[in-house]
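Secondary and tertiary structure notes
So the chains spell out like this:
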Amino acid sequence: MANIVILGTQWGDEGKGKIVDLLTPAFGAVARYQGGHNAGHTVYLNGRKVVLHVIPSGILHPGTLCLIGNGVVIDPRAFLDELEALKSVVPVGEDSIAVSRTAHLILPYHGLLERAAEAALGEKKIGTTCRGIGPAYEDKIGRRGIRAGDLCDPALLREKIFRNTAAKNEIAALWGLEPLDPEKLFAQYADYGARMAPYIKDVSRLLHETLRAGTPVLFEGAQGVLLDIDHGTYPYVTSSNPTAGGVCTGLGVGPTVIDAVLGVIKAYTTRVGSGPFPTELFDETGKLLARRGDEFGATTGRPRRCGWFDAVAAAYACRINGISRVIMTKPDVLDEFPEIKICTAYRYKGSSLRDYPVETEVLEKVVPVYETVPGWKTPVRGVREFRDLPAGFKDFLKLVEDRIGAEAAMISTGVERRETLFRDDLLAGWIDLAAVRKGIAGA
Ligand code: GDP
Ligand code: IMO
Ligand code: MG
């Protein structure tokens, strides 16, 4: 079977976690390639809610190898806390998870400086998760980062922590912040190192061995295309590449191992944090989307901004990633709406744009042009067969597929694994659906 990428096509929170968890039985390994614990991936296990942050969403299936690549930034404390919490849900052995030796670490000064920088931006703030993600990537690119492998060499770790803390304390002083004590930081990180050591491995090599054995791998994206540092709504983005290219740099594999890219699309749009959002709704309809979709951040608890589905942006996401098929989530949230809109073009300075403009300043000024379909007013919630979907929903789906130029191979109709329908013919050769169905039945 194939190696596939599952990634978010909007501004994150499309429901990637549910999809990755559900598909895991068809794969031997699940690998995260970017981001950090800014992500919040929600999975329901027979009514029990589990939120994954930096650990791949395949972890709820014992026997699956969960890899955290070099492209991910790791806060050791967040990793260890997440691991401990998971142990009360599923057995997690030392062989279940591997963290790349060359993944960069998040240290307390990253979050501290980020909070100060965000506060200084005032109304122009990015609205980050303040988990230290951006500053950790800054250190990586600035060639002064500390990596997971360094945790296993106390003398080297000490040297690096002292050097970096001295430099950060100088910046902290400019912001009027208290200096950090490098000795304390070293003691803390040496302890984390001792606890994390069994998990720190050469992930690229492990991945190659897995692939060479013919075991299919699922590459799990965090965030979404429009939050990509290169292709998103810069500067209102995260500091990594959630797009498909990030798989290769973030895990140490060549592009030829990727057989298909599946993009997750929510049936409407949400965004957390600042930045342009052409289809955002400020009226009762927006509030209804937030209420019915339970749109609160899985990491920070912040309310998510809500609006109609944006086919211009989704078509762009398909192009940037070479998306093979899409997976639609949360159409059940629209079940009771009398009419449903899809943005199929933007108006800008009197002309019509069908292509997504990459300049954030343009995107801030565009006005969405909508096509409207009548609501289906019959629940799609829990539907598991394509033939059982209401005709009105099928019309909506067809319009979305036409406008984004990609077909939907799966539709999620609720939070549980079993609340999902597959169009087998559109996934044939890529995913062992018999294994997936067996996983659902056994849950
Ligand atoms: P992720 O970051 O992409 O993994 O998405 P989040 O977990 O942050 O947010 C998606 C939310 O939608 C979670 O609370 C999921 O449980 C929920 N969800 C996923 N699929 C569906 C669906 O088809 N219908 C409904 N109503 N909720 C869903
Ligand atoms: P998942 O994987 C939604 C957003 C933040 C902010 C911007 C930058 O659950 O889809 P950062 O802390 O990354 O520097 O913040 O990115 N953001 C997300 N929004 N889902 C996420 O992850 C996000 N991770 C970061 O809200 O706007
Ligand atoms: Mg999320």
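The structure presented is a predicted model; accordingly, all values stated were derived computationally and were not measured.

Basis of the calculations
Residues numbered from 1 in each chain as written. Chains lettered and ligands numbered in written order. Predicted model: local features only at pLDDT ≥ 70, side-chain atom pairs only at ≥ 80, totals over all residues. Heavy atoms only, no water. Near = heavy atom within 4 Å. Polar contact = N/O pair within 3.5 Å; in protein donor to acceptor, adjacent residues only side chain to side chain. Helix = DSSP H or I, 4+ residues; strand = E, 2+ residues; numbered from the N terminus. Nonpolar A, V, L, I, M, F, W, Y, C, P; charged D, E, K, R; others polar. Domains from an automatic or database assignment. Donors = N, O, S within 2.8 Å, 3.2 Å for Na, K, Ca; no water. Buried < 20%, exposed > 50% of the residue type's maximum accessible area, 1.4 Å probe, protein only. Phe/Tyr/Trp six-rings, centres within 6.5 Å; stacked < 30°, edge-to-face > 60°. Contact = heavy atoms within 4.5 Å. Pairing = 2+ DSSP bridges. Buried area = accessible area lost by both parts, 1.4 Å probe. Salt bridge = Lys/Arg side-chain N within 4 Å of Asp/Glu carboxyl O.

1. Overview of the site of ligand 1
Near ligand 1 lie 18 residues; those nearest to it are Lys 16, Gly 17, Thr 42, Asp 332 and Ser 412. One of the backbone nitrogen or oxygen atoms of Glu 14 is found 3.1 Å away from an oxygen atom of ligand 1. Breaking the shell around ligand 1 down by element, the ones donating at least two residues are α1 (16-23) and β3 (41-45). Split into classes, the residues belonging to the shell around ligand 1 amount to three nonpolar, eight polar and seven charged.

2. Brief notes about the site of ligand 2
Ligand 2 sits among 20 residues. The nearest are Lys 16, His 41, Thr 129, Gln 223 and Thr 238. Looking at the shell around ligand 2 residue by residue, the class counts come to seven nonpolar, 10 polar and three charged. Structurally, the shell around ligand 2 is a two-domain feature, drawing no fewer than three residues from each of domain 1 (4-96 + 202-441) and domain 2 (104-198).

3. Quick word on the coordination of the magnesium ion (ligand 3)
Coordination of the magnesium ion (ligand 3) by the protein comes from Asp 13 (OD) and Gly 40 (O), over a distance range of 2.0 to 2.2 Å. Taken together, the residues Asp 13 in the loop between β1 (4-8) and α1 and Gly 40 in the loop between β2 (29-32) and β3 connect sequence positions 27 residues apart. Owing to a relative accessible area of 11%, Gly 40 belongs among the buried residues under this scheme.

4. Notes on the packing of aromatic side chains
Applying the stated criterion across every chain, the model contains eight aromatic pairs. Ring plane angle 90° and centroid distance 5.1 Å describe the contact between Trp 376 and Phe 393, whose orientation is recorded as edge-to-face. Taken together, the positions of Trp 376 in the loop between β18 (367-374) and α12 (391-404) and Phe 393 in helix α12 put the pair 17 residues apart, joining distant regions of the chain. According to the relative accessible area criterion, Trp 376 is buried, its value standing at 6%. Owing to a relative accessible area of 0%, Phe 393 belongs among the buried residues under this scheme.

5. Looking at the environment of Ser 204
Note on placement: Ser 204 falls in helix α7 (residues 203-212). In the structure, Ser 204 is positioned 47 residues away from Leu 251 in sequence and 5.8 Å away in space, judged by C-alpha atoms. In this structure Ser 204 touches Leu 251 and Gly 252, once residues within four positions along its chain are discounted. Looking at Ser 204, its side chain comes within polar contact range of the main-chain oxygen of Gly 252, at 3.0 Å.

6. Describing the sheet that holds strand β15 (residues 325-329)
Spatially, the 10 strands line up as an open sheet ordered β9-β7-β5-β2-β10-β1-β11-β15-β19-β20, and their pairing is mixed. Each edge of the sheet is formed by a strand with only one pairing partner; in this case those strands are β9 (200-201) and β20 (420-422). Here strand β5 (residues 65-68) pairs with strand β7 (residues 97-100) via three bridges, running parallel. Along β7, the bridge assignment pairs Cys 66 with Ile 97.

7. Describing the domain arrangement of the chain
Along its sequence, the chain is carved into domain 1 (4-96 + 202-441) and domain 2 (104-198). If you average the C-alpha positions of domain 1 and of domain 2, the two centres end up 30 Å apart. Taken over both partners, the interface formed by domain 1 and domain 2 buries close to 2100 Å², and the fraction arising from carbon and sulfur atoms is 60%. A per-residue breakdown of the area domain 1 buries against domain 2 is headed by Val 73, Pro 76 and Leu 80, which together make up 27% of the total. Seen at the junction of domain 1 and domain 2, the total is zero salt bridges. Counting every contact that joins domain 1 to domain 2 gives eight residue pairs in polar contact (both at pLDDT 80 or more). Going through the elements one at a time, β6 (73-74) and α2 (76-87) are the ones with two or more residues in the side of domain 1 that touches domain 2. Looking at the side of domain 1 that touches domain 2, its residues break down into nine nonpolar, 14 polar and four charged.

8. Things to note about the environment of Lys 330
If you trace the backbone, Lys 330 turns up in the loop between β15 and β16 (339-348). Lys 330 gets classed as partly exposed once you look at its relative accessible area, which sits at 21%. It is 6.3 Å that separates the C-alpha atoms of Lys 330 and Ser 412, two residues lying 82 residues apart in sequence. Once residues lying within four places of it in the same chain are set aside, the contact partners of Lys 330 are Lys 266, Ala 267, Tyr 268, Gly 293, Glu 295 and Ser 412. Looking at Lys 330, its side chain comes within polar contact range of the side chain of Glu 295, at 2.9 Å.

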